[in-house]
Amino acid sequence: MSEKITINDVTLRDGMHAISHQYSKEQIALLTEIIDDAGADIIEVTHGDGLGGSSIQYGFSKVTESDMISTAVSTAKNAKIGVLLVPGIGTIDQLKNVHDLGASVVRVATHCTEADVSEQHIKAARSLNMDTVGFLMMAHRTTPENLLEEAKKMEAYGAQTIYVVDSAGALTMDGVRRRVSLFKENLGVSIGFHAHNNLSLGVANSIVAIEEGATRIDGSLAGMGAGAGNASLEQLIAVMNKLDISHNMDLYKTMDAAENIMKPMMPRPVQIDRLSLTLGYTGVYSSFLLFAERAGKEYGVDARDILTRLAELEAVGGQEDWIITVAQELALVQNK
Ligand SMILES: C[C@H](O)CC(=O)C(=O)O
Ligand SMILES: [Mn+2]
């Protein structure tokens, strides 16, 4: 466990989900400034669903993609600025645009069984000389062995780091251990881990990933992210300090940023409540939380039933419109 851990902050990307993509330009500048000052290595800044995410399907951003990236790039003194790109939502042209504006890290994200769709995007990112990461979402939905096969494809396309992404916050510690250790034994690239805290395991799972050889770990101020949020950076850094795991972040600055700046900005507390717990318990994509909550209110059904039905249907990111259909169907059955 001697290698220094690279911290990839997602307050301004996964955190977008928790604020319905409504960070203002001033908030993006302020958060970039304090996260950079606290020592994060990479700050990811994009619509919650990545480049091109601003749409009727996922929700419109307050600030344009170009403005977000330019603001972050001109504010950060040390951190690299990263973006998320889900092939099919974002395009290679959009990637070239943010690269021209100064973004230097890209995470190409696919569902855990669909790495095939990342080939062109990973190759394009490498040809732009970007730090190129493969991001295998909903990693609990396939076996560790299958996940490894998908990771091998991303490695062959040229990804330099590959992430196990616990999008639903549904993995328990052994599930993380098995996936990361298989990657470590069989891949020649760096390994990353992205947690969601729906089962209260965000920090514990991140530590298990480090124990098994992951060297890039995601976190956000006060856990700001989809569902019950990501691993809270201030908690993660405190635990890493206690375990003598080396990193570049300052604990007090991270705590102060979370407490003084991030928490007051949250429109809804990012926390484990009955809905976010249901996400982790049933294994549903964390960014469905606010959509299911709204649909539950609109159609008069328990949002936990909506999420449970979506889990049965094995819904994946991109199928947000299904949430309404499921709510309508449940309402019809209830009112018969
Ligand atoms: C597009 C998703 O929000 C990416 C992510 O952070 C996850 O799957 O988790
Ligand atoms: Mn996430």
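Residues numbered from 1 in each chain as written. Chains lettered and ligands numbered in written order. Predicted model: local features only at pLDDT ≥ 70, side-chain atom pairs only at ≥ 80, totals over all residues. Heavy atoms only, no water.

1. Quick word on the overall build of the protein
For the protein, the helix and strand inventory stands at 14 helices and eight strands. What you see for the protein is a C-alpha radius of gyration of 18 Å, in line with the 20 Å of a compact globule of 336 residues. Taken along the three principal axes of its C-alpha coordinates, the protein extends 60 × 45 × 45 Å. The buried share among the 336 residues of the protein stands at 59%. Pairs at least 24 apart in sequence give 78% of the contacts found in the protein among residues at least 6 apart. Total accessible area on the protein is roughly 13,200 Å²; 48% of this is exposed by carbon and sulfur atoms. Of the side chains in the protein, 28 bear a positive and 43 a negative charge, and the two mean positions are spaced by 1 Å. (Helix = DSSP H or I, 4+ residues; strand = E, 2+ residues; numbered from the N terminus. Rg over C-alpha atoms; globule rule 2.2 N^0.38 Å. Buried < 20%, exposed > 50% of the residue type's maximum accessible area, 1.4 Å probe, protein only. Contact = heavy atoms within 4.5 Å. Areas by Shrake-Rupley, 256 points an atom, 1.4 Å probe, with all protein chains shown as cover. Lys, Arg positive; Asp, Glu negative; His and termini not counted. Charge placed at Lys NZ, Arg CZ, Asp CG, Glu CD.)

2. Things to note about the site of ligand 1
All residues in the neighbourhood of ligand 1 are listed as Arg13, Asp14, His17, Gly48, Leu84, Phe135, Met137, Val165, Ser167, His194, His196 and Tyr285. Here an oxygen atom of ligand 1 sits 2.7 Å away from a polar atom, N or O, in the side chain of Ser167. Out of a free accessible area of 280 Å², ligand 1 has 97% covered by protein chains. One can see that ligand 1 is located within the largest pocket. A class-by-class count of the residues in the shell around ligand 1 yields five nonpolar, five polar and two charged. (Near = heavy atom within 4 Å. Polar contact = N/O pair within 3.5 Å; in protein donor to acceptor, adjacent residues only side chain to side chain. 1 Å grid on protein atoms, 1.4 Å probe; cavity = no way out; pocket = protein on both sides within 12 Å on 5 of 7 lines; lining within 4 Å. Sits in = over half its atoms within 2 Å of the grid points. Nonpolar A, V, L, I, M, F, W, Y, C, P; charged D, E, K, R; others polar.)

3. Quick look at the UniProt feature "binding site: Mn(2+)" (unreviewed entry) in the protein
The feature "binding site: Mn(2+)" (unreviewed entry), as given by UniProt, occupies Asp14, His194 and His196 in the numbering adopted here. A maximum C-alpha distance of 10.4 Å is found for the annotated residues, which run over 183 residues; spatially they form one tight group. Checked against the lining of the largest pocket, the annotated residues just named reduce to Asp14, His194 and His196. Residue placement: His194 occurs in strand β7 (residues 190-194). By relative accessible area, which is 2% here, His194 ends up buried. Not counting chain neighbours up to four residues away, the residues in contact with His194 comprise Val10, Arg13, Asp14, Arg107, Phe135, Tyr163, Val164, Val165, Asp166, Asp218 and Asn230. Looking at His194, its side chain comes within polar contact range of the side chain of Asp14, at 3.0 Å. Every residue in contact with His196, bar those within four places of it in the chain, is listed here: Asp14, Asp166, Ser167, Ala168, Gly169, Gly202, Ala226, Gly229, Asn230 and Ser286. (UniProt positions renumbered as here; feature names shortened; annotations may be inferred.)

4. Considerations on the environment of Val164
Relative to the helices and strands, Val164 resides in strand β6 (residues 161-165). Judged by relative accessible area, Val164 falls into the buried class, the value being 0%. Taking the C-alpha atoms as reference, Val164 lies 13 Å from Ile207; in sequence the two are 43 residues apart. Ignoring any residue separated from it by four or fewer positions in sequence, one finds Val164 in contact with Leu136, Ala139, Leu147, Leu171, Arg179, Val180, Phe183, Gly192, Phe193 and His194.

5. A look at the nonpolar core
Core analysis: the biggest nonpolar cluster contains 80 residues, and Tyr23, Leu95 and Phe183 have the highest contact counts within it. When sequence neighbours within four positions are dropped, the list of residues in contact with Tyr23 reads Thr11, Leu12, Gly15, Met16, Ile28, Leu31, Lys62, Val63, Met224, Met262 and Met265. By size, the runner-up hydrophobic cluster in this structure holds 33 residues, among which are Leu84, Val86, Ala303 and Leu310. (Core = buried A, V, L, I, M, F, W, Y, C linked by side-chain atoms within 4.5 Å.)

6. Structural notes on the packing of helix α9 (residues 233-242) against helix α10 (residues 251-265)
Two elements in contact, α9 and α10, have axes whose closest approach is 8 Å; the angle formed by their N-to-C orientations is 160°. Classed by the angle they form, the pair α9 and α10 counts as roughly antiparallel. At the point where α9 passes α10, the crossing takes the left-handed sense. Taking contact as the criterion, the partners of Leu233, Glu234, Ile237, Ala238 and Asn241 in α9 are, on α10, Leu251, Thr254, Met255 and Ala258. Classifying every residue of the contact of α9 with α10 by side-chain character gives six nonpolar, two polar and one charged. (Axes fitted to C-alpha atoms, helices over the stretch in contact; angles between N-to-C directions. Parallel < 35°, antiparallel > 145°, perpendicular 65-115°, else oblique. Left-handed = near helix turned anticlockwise from the far one by under 90°.)

7. Examining the pairing of strand β8 (residues 216-219)
The side-chain alternation of β8 yields two buried faces, one formed by Arg216 and Asp218 and the other by Ile217 and Gly219. When strand β1 (residues 6-9) meets β8, the two strands line up parallel, connected through four bridges. Looking at β8, one finds that Asp9 is bridged to Gly219. Viewed along the sheet, the connection from β7 through helix α8 (residues 202-211) into β8 turns out right-handed. (Pairing = 2+ DSSP bridges. Right-handed = clockwise from strand over helix to strand, strands pointing away.)

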